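As a plain string of letters, each chain reads:
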Amino acid sequence: MDWLKFFRAEKNNTAKTAKDRLMLAVAYQRSGQANGPSYLPRLREELLGVVRKYIQVPDEAVQFSVQREGGLEVLELNITLPDQ
Amino acid sequence: MAKIIVVTSGKGGVGKTTTSASFATGLAMRGHKTAVIDFDVGLRNLDLIMGVERRVVFDFVNVINGEATLKQALIKDKHLDKLHILAASQTRDKDALTTEGVEKVLNDLAQDFDFIVCDSPAGIERGAFLAMYFADEALVVTNPEVSSVRDSDRVLGILSSKARLAEKGETKVKEHLVLTRYNPARVAKGEMLSLEDVKEILAIPLLGVVPESSSVLTCSNSGVPVIREEGSDAGLAYQDLVARFLGDEVPHRFITEQKKGLFSKLFGAT
């Protein structure tokens, strides 16, 4: 019920939501994932293919990122194995 | 040696041209010889905001191509001797701006001028890139709104990695935040990102806050940079901003809600 909102102490603070969303978006942008090398998606697919020859993993079990630490670029691949 | 300042933002419609026009006018009002260049090739607009659209004969691309001299293309402001405008070309050839061509024009301008203000187009394509490439300092124009803030962050990333100063690795482009269309009443209601929020996310020093103001539109209607409008909040904010840029200590205003008294509520004073 809309009129109930009027009485709530915590008003709908969309500015707070905006800030939280922005912090995430900007962190992603700065991490270099957004503008990483263009072969990343293909590399991800192929690596996933190799892993799947041996173990069946769902798409979301694979996390893939490139991070810059100092002058080094680090390719990080995390695969969560399913419970047997 | 002239100082080159790019006015940039990534996102369109946030107030780059408005800011370029008022900033350049303000520098000239303070006695500095200033040139302002429109880098938005194909979508020329600075001339309209500066009120010189009927006096454009030659443009930036004509100068680059050697079809006109810089002297022929520079439009002298009618009110301020020290202010000159270089209009963008209306060509649809997106390769009209070349790095060498832009560099030559900037070097030639640097002989005569104290400040060169580069009004960047939106986006991060060639025109926007070249507008920021040669810059010593950057005004990053941002609205308190998610897409504008994210795009500003993107532009800051490009400035710190791809600009000429960054490539040389000696110094970096000095960045300034210009927060425009700010509405303290909406911030108080939790409807708009606050100045503090934007500062925290972008993490660059604040040069000025320009409040949302009806005079920005009315001034653009008549081709007068809003800084010339006496008594308008936005105009005053731009005057403060220019003073701060030149090293004056000026406190920030228009960042908290102005409570209207009963009188002004009743009689609608603004």
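### Observations concerning the sheet that holds strand β5 (residues 115–119) of chain B
Residues and elements named next belong to chain B.
Here is step 1 of the chain: Read from one edge of the open sheet, 8 strands run β3-β4-β2-β5-β1-β6-β7-β8, paired in mixed fashion. Only two strands of the sheet have a single neighbouring strand rather than two, namely β3 (75–76) and β8 (206–211).
Here is step 2 of the chain: As defined by bridge partners, strand β7 (residues 174–182) adjoins β8 across 4 bridges and the pair is classed as parallel. If you follow Val178 over to β8, its bridge partner there is Gly208.

### Focus on the interface of chain A and chain B
Here is step 1 of the chain: Residue-level contacts link 13 residues of chain A with 13 residues of chain B.
Here is step 2 of the chain: Here chain A and chain B share an interface that buries about 1300 Å² over both sides, 58% of which is from carbon and sulfur atoms.
Here is step 3 of the chain: Of all residues in chain A, Lys19, Leu22 and Gln29 of chain A give up the largest surface area on contact with chain B, accounting jointly for 42% of the area buried on that side.
Here is step 4 of the chain: Between Asp197 of chain B and Lys19 of chain A there is a salt bridge, with its nearest N and O atoms 3.7 Å apart.
Here is step 5 of the chain: The interface formed by chain A and chain B contains 7 residue pairs in polar contact (both at pLDDT 80 or more).

### Brief notes about unusual backbone geometry
All names here are of chain B.
Here is step 1 of the chain: Phi is positive for Arg181, which is not a glycine, with a value near 55°.
Here is step 2 of the chain: Within the secondary structure, Arg181 sits in strand β7.
Here is step 3 of the chain: At Phe254, a position not held by glycine, the phi torsion is positive, near 65°.
Here is step 4 of the chain: Mapped onto the elements, Phe254 comes out in the loop between α12 (233–245) and α13 (262–267).
Here is step 5 of the chain: For Phe254, a relative accessible area of 12% corresponds to the buried category.

### Considering the packing of aromatic side chains
Residues and elements named next belong to chain B.
Here is step 1 of the chain: This model, assessed by the stated rule, comprises 5 aromatic pairs over all chains.
Here is step 2 of the chain: Ring plane angle 75° and centroid distance 5.1 Å describe the contact between Phe39 and Phe60, whose orientation is recorded as edge-to-face. Of this pair, Phe39 sits in the loop between β2 (34–38) and α2 (46–50) while Phe60 is found in helix α3 (residues 60–64), placing the two residues 21 residues apart along the sequence.
Here is step 3 of the chain: In this structure Phe39 comes out as buried when scored by relative accessible area, which is 1%.
Here is step 4 of the chain: Looking at Phe60, the relative accessible area reads 0%, which means it is buried.

Rules and cut-offs
- One numbering rule holds for all chains: residues counted from 1, following each sequence as written.
- Just so you know, chain letters begin at A and ligand numbers begin at 1, following the order they were written in.
- Since the coordinates come from a predicted model, pLDDT governs what is reported: local features require at least 70, and pairs of side-chain atoms require 80 or more to be given and counted, while whole-chain, interface and lining totals use all residues.
- As a rule here, side-chain values come from all non-hydrogen atoms in the structure, and water together with hydrogens is ignored.
- Should DSSP find at least two bridges between two strands, the strands are taken to pair.
- Runs of E in the DSSP output that reach at least two residues are strands. Runs of H or I that reach at least four are helices, and both are numbered from the N terminus.
- Residues count as neighbours in contact if any of their non-hydrogen atoms are within 4.5 Å of one another.
- Two parts placed together each lose some accessible area under a 1.4 Å probe, and adding up what both lose gives the buried area.
- What makes a salt bridge here is a side-chain nitrogen of Lys or Arg within 4 Å of a carboxyl oxygen of Asp or Glu, nothing more.
- The definition of a polar contact used here is a pair of N or O atoms within 3.5 Å, where within protein one atom must be able to donate a hydrogen and the other to accept one, and adjacent residues in sequence count solely through side-chain atom pairs.
- For every residue, the accessible area (1.4 Å probe, protein chains only) is compared with the maximum for its type, and the residue is labelled buried under 20%, exposed over 50%, or partly exposed between those bounds.
- When two rings of Phe, Tyr or Trp (its six-membered ring) have centres within 6.5 Å they constitute a pair, described as stacked for plane angles under 30 degrees, edge-to-face for angles over 60, and tilted for the intermediate range.

Nothing here speaks to function; it is all geometry.
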